Amino acid sequence: MDDVSVLDEPLKKTVGPPTAKVMAEQLGLHTVGDLLHHYPRRYAERGELTRLGELPLDEHVTVVAEVEKAAILGTGRGKRLEVVITDGGGRLTLVFFGRGAFHPQKQLLPGRRGLFAGKVTVFNHKRQLQHPEFKLLDADSGAQAAEEWANKLIPIYPACARLASWQIDQALDVVLGTMEATRWEGVVDPVPHTLRESRGLTTLPEALTKVHRPRSKADITTARERLKWDEAFVLQVALARRRLADSQTPAVPRTPSPEGILADFDARLPFTLTEGQQQVSAEIFADLATEHPMHRLLQGEVGSGKTMVALRAMLAVVDSGGQTALLAPTEVLAQQHHRSITEMMGDLAEGGMLGGSTHGTKVVLLTGSMGAAARRKALLDLATGEAGIVIGTHALIEDKVQFHDLGLVVVDEQHRFGVEQRDALRGKGKQPPHLLVMTATPIPRTVAMTVFGDLETSVLDQLPAGRSPIASHVVPAADKPHFLARTWERVREETEAGHQAYVVCPRIGDEEPDAKKKSAETPSAEDLAEKRPPLAVVEILEQLTTGPLQGLRVEMLHGRMAPDAKDDVMRRFAAGEVDVLVATTVIEVGVNVPNATVMVIMDADRFGVSQLHQLRGRVGRGAAAGLCLLVSEIPEGSPARARLDAVAGTLDGFELSRIDLEQRREGDVLGQAQSGARSSLRMLAVIDDEEVIAAARESATAIVAEDPELTAYPELKSALQSLLDAEREEYLDKG
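This structure is a prediction, so every number in the text was calculated from the model and none was measured.

Enquirer: Any chance you could explain the packing of aromatic side chains here in plain terms?
Expert: Between two aromatic rings, the relevant description is the distance of the centres plus the angle of the planes. Applying the stated criterion across every chain, the model contains four aromatic pairs. When the ring of F96 is compared with that of F134, the centres are 6.4 Å apart and the planes differ by 85°; the resulting orientation is edge-to-face. Taken together, the residues F96 in strand β4 (residues 91-97) and F134 in strand β7 (residues 133-136) connect sequence positions 38 residues apart. Taken together, the aromatic side chains of F96, F116 and F134 make up a single cluster linked through ring pairs.

Here it is as structure tokens:
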């Protein structure tokens, strides 16, 4: 039996088409191997009840509890069964409506213990599960069933509304039974035997058996150590091979001229670079001078001066006769970069033009929505080499775009671009150009080793002189409406003092009919009770201009406006001709208006931690202190509210990125449908497992240096091919 016939076998052959369909759609599980690597998120002990007071809101949970009481309430069509379960201290209500509401009453008798699964919501200030799935631990089938659950660790799996934890457990019973019957034939072990022994790791079949069917807590520890190592090791081998391939690729060395455009630019700077900027620039210049392509990640706090460091690298390449391209994720950001870079360079950005510097070069903008004539001119300047610097969006990647001699690609906000886009732009050089990736989201060391493991890392952790502190507060709009009224008073006070403000909303509000239709699908009772559409730019603009901000110059900015209109609004806001800008997250990165002092984020709970930190970084960029107000209607105690409190509590981007990573990883662990690529890290916690990741990187680097093609390690090569399918390849590069 070969590897393909075992782990890669479709689940529908094993668990049946209906269950396989739910597993694929809801949990991203398609093969026997996927199911075997779908690990329990925790283990319950038969005698141990789940602490009900600590359950997170709006998340799918499985709990072990005891029935305290059950009663039928209401009359007529409003009749319902309410069952209260307890852990001896806290309580949770189970609610059953409709025709099937009374069947559970016969089973859920006081004193019975069971597993209960559902989504935690709040109604009348009480936590509840609506129509939960349940399985009684001392089921009616008598002594045999009681024995089955006695003295046993019960795996609690990442589940979903249509598939409870114990149903996944039953499917695993079938798969594990088949594996044991064939003695795990065809399951290859990716970790070389000598490495496994030196680390004291168990075999893969034993680890998979113990993680799903542990007889003791020691079994769980043994299994987890092995499975964590697998994930870290295979991933680090993939990254080590990429680093090796990159180091063997030829590139043109780029060194600045002592009397060229960079020297001229530096001589005009009205301020001194920070120590961090000088050190990172030295690292970049050393890389650019080598005969292999630079692959460097430049991470720095919002406002730490990354653009200045990147611009100096670009000028060094222009000095050597090459061209540079800055790839930005949005048109607004591309236009902002173009504006700020041409302002910083002055007449150095007017090469070949009347009044331009003799050392100058042309700085051109290229976006998808430019007029035909301007686009033709920009393309000609690139092809002839007259433009040393081009700033653009995805439009730079198109086939028509040809460079005379592309020497450096700078990618802003790496997580917005996939590997295909990055490589398509790099492919436009005669030889592979150098690569500088920038991100304003601080990345912990373990994440850098895991997600950006093919890049050398530079960190800018000093803020330039003149940056002001930012105070952040959560505004609980539902509990304390007067706090929201005070928010708009603060905005008015700042504008009257000559400053400006941003108001950010999650959506635009002029959605196409299709979008409206999609959002209008029949919602559940709990959705109707607790959910409403996100606040929109169009609606908030109208409310503010006819209400609390009447008389102020309030305008809007969003992604569906015409490019000229967007640019016009940003120019006028930057010039101080607009008091308040109501916008979507198009202003998240790169927008620099030092006079803006207030950031109000509506429905702040709908944004991620890193995104909130990025948005907040748009204020406090000048001499006046910044203020960020996070408006939310979510009650205290929910994970979303905890996120907001974390953002309000610290300006440390590294601490926030750690919190963000933990929360997003918990999202993976809970088995909720993920947008984008599915993480290949199911067991490894990149925050907590630094020792494992560092050791795996060392072992992987040594093996790849000795045997780049992994000829002596066929099992490892096979595991690598399975990790690096198209989806996971994209995950590696997007982070």
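From this point, the narrative continues.
Enquirer: I keep staring at the pattern of salt bridges and nothing clicks. Help me out?
Expert: It is possible for side chains of opposite charge to pair when their charged atoms get near one another. Enumeration over the complete set of coordinates arrives at 37 salt bridges. Of the charged contacts in the structure, one is a salt bridge between D287 and R296, with a shortest N-O distance of 2.7 Å. For D287, a relative accessible area of 19% puts it in the buried group. On the basis of relative accessible area, R296 is assigned to the buried category, the value being 8%. Where K377 meets D381, a salt bridge forms, and the shortest distance between an N and an O atom there is 3.0 Å. With K377 and D381 both in helix α15 (residues 372-384) and four residues apart, the pair spans about one turn of that helix. Assessed through its relative accessible area of 4%, D381 is described here as buried. Ionic contacts of the salt-bridge type, sharing partners, join the residues R486, E489, R490, E493 and E494 into one network.

Enquirer: Is there a simple way to think about the pairing of strand β13 (residues 406-412) in this case?
Expert: Working note: regular strand, side chains alternate between the two faces of the sheet. The element β13 is largely enclosed, with a buried count of seven among its seven residues. As defined by bridge partners, strand β10 (residues 323-327) adjoins β13 across five bridges and the pair is classed as parallel. From the neighbouring strand, A325 faces β13, where its bridge partner is V409. In this sheet, strand β14 (residues 434-439) lies alongside β13 in parallel orientation, the contact comprising five bridges.

Enquirer: Please explain the side chain of R621 as it appears in this structure.
Expert: Examined against the element boundaries, R621 turns out to sit in the loop between α23 (609-616) and β21 (626-632). On the accessibility criterion, R621 (15% relative accessible area) is buried. Within the structure, the side chain of R621 is placed 2.7 Å from the backbone oxygen of G617, a separation counted as a polar contact.

The rules behind the values
- Residues numbered from 1 in each chain as written.
- Predicted model: local features only at pLDDT ≥ 70, side-chain atom pairs only at ≥ 80, totals over all residues.
- Heavy atoms only, no water.
- Phe/Tyr/Trp six-rings, centres within 6.5 Å; stacked < 30°, edge-to-face > 60°.
- Helix = DSSP H or I, 4+ residues; strand = E, 2+ residues; numbered from the N terminus.
- Salt bridge = Lys/Arg side-chain N within 4 Å of Asp/Glu carboxyl O.
- Buried < 20%, exposed > 50% of the residue type's maximum accessible area, 1.4 Å probe, protein only.
- Pairing = 2+ DSSP bridges.
- Polar contact = N/O pair within 3.5 Å; in protein donor to acceptor, adjacent residues only side chain to side chain.

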